[in-house]
Amino acid sequence: GKNMAFQGMVEDTPDWTIQLPGYPNLQVSPIVSTGIRTIYLTTTKGRNMLHGIHRFDGGIYWSYDFGMGHTVGYPAVRKGSPGDQSSQDRVYVAVASQRGMAALYCFDAQQGGSMTGVQRLLWQTSFSASNQIFWSPIVCRGRVYVGGGLAGGLTCFNANTGALQWQQPYGGPGQSWSPSYWQNIFTFTCGELRRHDPNTGNVQQSMSLPAGGTSNG
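Each value, and the rule that gives it
Residues numbered from 1 in each chain as written. Predicted model: local features only at pLDDT ≥ 70, side-chain atom pairs only at ≥ 80, totals over all residues. Heavy atoms only, no water. Helix = DSSP H or I, 4+ residues; strand = E, 2+ residues; numbered from the N terminus. Buried < 20%, exposed > 50% of the residue type's maximum accessible area, 1.4 Å probe, protein only. Salt bridge = Lys/Arg side-chain N within 4 Å of Asp/Glu carboxyl O. Core = buried A, V, L, I, M, F, W, Y, C linked by side-chain atoms within 4.5 Å. Contact = heavy atoms within 4.5 Å. Pairing = 2+ DSSP bridges. Axes fitted to C-alpha atoms, helices over the stretch in contact; angles between N-to-C directions.

> How do you make sense of unusual backbone geometry when you look at a structure like this?
Of all residues except glycine, most have a negative phi; of all peptide bonds, most are trans. Cis geometry is found at the peptide bond from Tyr 23 to Pro 24, where omega equals 10°. If you trace the backbone, Pro 24 turns up in the loop between strand S2 (9–11) and strand S3 (26–28). Located in the positive-phi region is Lys 45, a residue other than glycine, with phi close to 80°. With respect to the helices and strands, Lys 45 occurs in strand S5 (residues 38–45). What makes Lys 45 exposed here is its relative accessible area of 58%. Even without a glycine there, the phi angle at Gln 183 is positive, about 70°. Among the secondary structure elements, Gln 183 is positioned in the loop between strand S17 (180–182) and strand S18 (184–189).

Structure follows, in structure tokens:
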């Protein structure tokens, strides 16, 4: 915004605004991006959708409607490597149903073209998980790691094919949480910090930290 220092205030006028389908009864995710042109977000409650939006003018580039009876989680992205067909731009979203099941969706996030959201869907893989709002997965070293809540635990997928690699029941009573990565996978649920083997999900180390209720991270 413009610095209005002489009045002791800052002018902050948005370049654009957008009204998404389902407004005003929406729960909107944090925004993620693979580059400078397109941002991605999901909505749930009013409409269960994933949107790719032009960063500079707010135009909806493409959308995918997951339909009724689903709870759409927060998206995560993978920034691909130019010329490497095994590492292209991708958007990943975990979606829960009302039947104690969930699915991880993968979409083509390449810039340009006129593909619809349906055409950009590359694969979806079902897995067991409680009905919840999924926080963002993490994508690293060719895998996608999802915090699957009480029923799902820590779940790992092949980032290119969607194949389910393994699922470990370490969610605890906390429903929404995201794993993190630094050489190993780390989870924090209900005051318990765990270090996991990224290849198997097995707990290599754990420690209890002060946390009230069902605090998660």
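> Is there a simple way to explain the pattern of salt bridges in this structure?
Two side chains with opposite charge may pair up if their charged atoms get near one another. Under the defined criterion, the tally for this structure stands at three salt bridges. With its nearest N and O atoms 2.8 Å apart, the salt bridge here joins Arg 47 to Asp 65. Note that Arg 47 is positioned in the loop between S5 and strand S6 (49–54) and Asp 65 in strand S7 (residues 60–65), a separation of 18 residues in sequence. When the shortest N-O distance is used, the salt bridge between Asp 89 and Lys 79 registers 3.6 Å. Placement of Asp 89 in the loop between strand S9 (76–78) and strand S10 (90–97) and of Lys 79 in the loop between S9 and S10 is noted, with a sequence separation of ten residues between them. Owing to a relative accessible area of 6%, Asp 89 belongs among the buried residues under this scheme. The exposed category is assigned to Lys 79, whose relative accessible area is 54%.

> Even after reading the chapter, I still don't get the nonpolar core, so can you show me in this structure?
Nonpolar side chains tend to gather and get buried jointly when the protein is soluble and globular. One finds Leu 50, Trp 62, Phe 66, Val 91, Val 93, Tyr 105 and Phe 107 to be the most contacted residues of the largest nonpolar core, which totals 15 residues. Among the secondary structure elements, those contributing two or more residues to this core are S7, S10 and strand S11 (101–108). If we skip the residues at most four places from it in the chain, Trp 62 touches Tyr 40, Leu 50, His 51, Gly 52, Phe 107, Asp 108, Met 115, Thr 116, Gly 117 and Arg 120. Core analysis: the next-biggest nonpolar cluster, separate from the first, contains 14 residues, Leu 104, Phe 127, Phe 134 and Phe 157 among them.

> Where do I start with the sheet that holds strand S14 (residues 143–147) in this structure?
Remark on secondary structure: sheet strands pair via backbone hydrogen bonds, oriented parallel or antiparallel. Within the open sheet, the four strands sit side by side as S13-S14-S15-S16. Their pairing is antiparallel. The sheet terminates laterally at strand S13 (138–140) and strand S16 (164–168), the two strands that pair on one side only. Shown here is a sheet whose adjacent strand axes are inclined to one another by a mean of 15°, direction ignored. Pairing geometry for S14 and strand S15 (residues 154–158), over five bridges, is antiparallel. Across the sheet, Tyr 145 pairs through a bridge with Cys 156, a residue of S15.

> Even after reading the chapter, I still don't get the sheet that holds strand S20 (residues 203–208), so can you show me in this structure?
As summarised here, the arrangement of the four strands in space is S17-S18-S19-S20, forming an open sheet in which the pairing is antiparallel. Looking along the sheet, the strands with just one partner apiece sit at the ends: S17 and S20. Each adjacent strand pair in this sheet contributes to an overall mean axis angle of 25°, direction not counted. Where S18 and strand S19 (residues 192–196) come together, five bridges link them in antiparallel fashion.

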